[in-house]
Amino acid sequence: VDRFNLINQELGYDGGDLILGTIAKILSENFSQNSKIGRLESDRFVILPLEVENLNQVVNFTMSVFGIMKEVFCIKDKEMVLTTSVGISLFPKNG
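What you see is a predicted model, and the numbers here were worked out from it, not measured in a lab.

1. As for the pairing of strand β3 (residues 72–75)
Now for step 1: Where burial is concerned, the two faces of β3 differ: the one with F73 and I75 is buried and the one with V72 and C74 is not.
Now for step 2: Relative to strand β4 (residues 78–81), β3 runs antiparallel, the two being bridged by four bridges. Looking at β4, one finds that I75 is bridged to K78.
Now for step 3: Counting the residues between successive antiparallel strands, the hairpin from β3 to β4 contains two residues, one of them, K76, with a positive phi of roughly 55°.

2. What about the nonpolar core?
Considering soluble globular proteins, one finds that nonpolar side chains tend to be buried as a cluster.
Now for step 1: Judged by nonpolar contacts, the single largest core of 18 residues is most densely connected at I7, I19, I23 and L82.
Now for step 2: The element that contributes the greatest number of residues to this core is helix α1 (residues 4–31), accounting for nine residues.
Now for step 3: Aside from chain neighbours lying at most four places away, what touches L82 is V1, I7, I19, I23, M69 and F73.

3. Observations concerning the pattern of salt bridges
Now for step 1: Tallied over the full model, the rule gives four salt bridges.
Now for step 2: The partner of K78 in a salt bridge is E10, with the nearest N and O atoms 2.4 Å apart. Here E10 lies in helix α1 and K78 lies in strand β4, a separation of 68 residues in the sequence.
Now for step 3: A cluster of three or more residues bridged by salt bridges with shared partners is formed by E41, D43 and R44.

4. Describing unusual backbone geometry
Backbone geometry follows two general trends: most residues other than glycine have a negative phi, and most peptide bonds adopt the trans configuration.
Now for step 1: Residue R3 is not a glycine yet carries a positive backbone phi of 50°.
Now for step 2: The class for R3 is exposed, based on a relative accessible area of 55%.

5. Focus on the layout of surface pockets
Now for step 1: What the largest pocket holds in volume is close to 930 Å³.
Now for step 2: If you go around the largest pocket, you meet 30 residues; those closest to its centre are V46, I47, V86, G87 and I88.
Now for step 3: Counting residues per element, the lining of the largest pocket draws most heavily on strand β2 (residues 44–49), which supplies six residues.
Now for step 4: Residue composition of the lining of the largest pocket, by class: 19 nonpolar, seven polar and four charged.

The rules behind each value
- Just so you know, the residues in each chain are numbered from 1, in the order the chain's sequence is written.
- Where totals are concerned, whole chains, interfaces and linings use all residues; where local detail is concerned, this predicted model gives features only for residues with pLDDT of at least 70, and gives and counts side-chain atom pairs only at 80 or more.
- Note: side-chain values were computed over all heavy atoms of the structure, leaving out hydrogens and water.
- Burial classes: relative accessible area under 20% of the type maximum marks a residue as buried, over 50% as exposed, and values in between as partly exposed (1.4 Å probe, protein chains only).
- Helical segments are the DSSP runs of H or I of at least four residues, strand segments are the runs of E of at least two, and each set is numbered from the N terminus.
- Pairing between two strands is assigned when DSSP locates at least 2 bridges connecting them.
- What we call a nonpolar core is a set of buried Ala, Val, Leu, Ile, Met, Phe, Trp, Tyr and Cys residues that are connected through their side-chain atoms within 4.5 Å.
- Pairs of residues are marked as contacts when any of their non-hydrogen atoms sit within 4.5 Å.
- Here, a salt bridge means any side-chain nitrogen of Lys or Arg that lies within 4 Å of a carboxyl oxygen of Asp or Glu.
- The way it works is a 1 Å grid over only the protein atoms, where trapped points that fit a 1.4 Å probe form a cavity and open points with protein on both sides within 12 Å along at least five of seven lines form a pocket, and then any residue with an atom within 4 Å of a point lines it.
- Grid points are joined across faces, edges and corners, and a volume is the space filled by probe spheres set on the points.
- Residues were grouped as follows: Ala, Val, Leu, Ile, Met, Phe, Trp, Tyr, Cys and Pro as nonpolar; Asp, Glu, Lys and Arg as charged; and all remaining residues, including Gly, as polar.

See below:
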């Protein structure tokens, strides 16, 4: 989640925790059947698709993540639109 520290400043840590919990729930609801999902650290999640055969599938998967994260989050009577960044690594090419 981009600029998450600003969210904590605006909403406090409890508001930030609510957003992270909501994101985790959304990711689980949308990707848990064909992926492994985890939270690496404060505002960083990992989604590992289990069955990817080509780069096109990776691009489509990534676009679906961006689409889901375009939702408006309502926390503490404030509407927020979050942006996300994605890093992609393919095995065995990238380790």
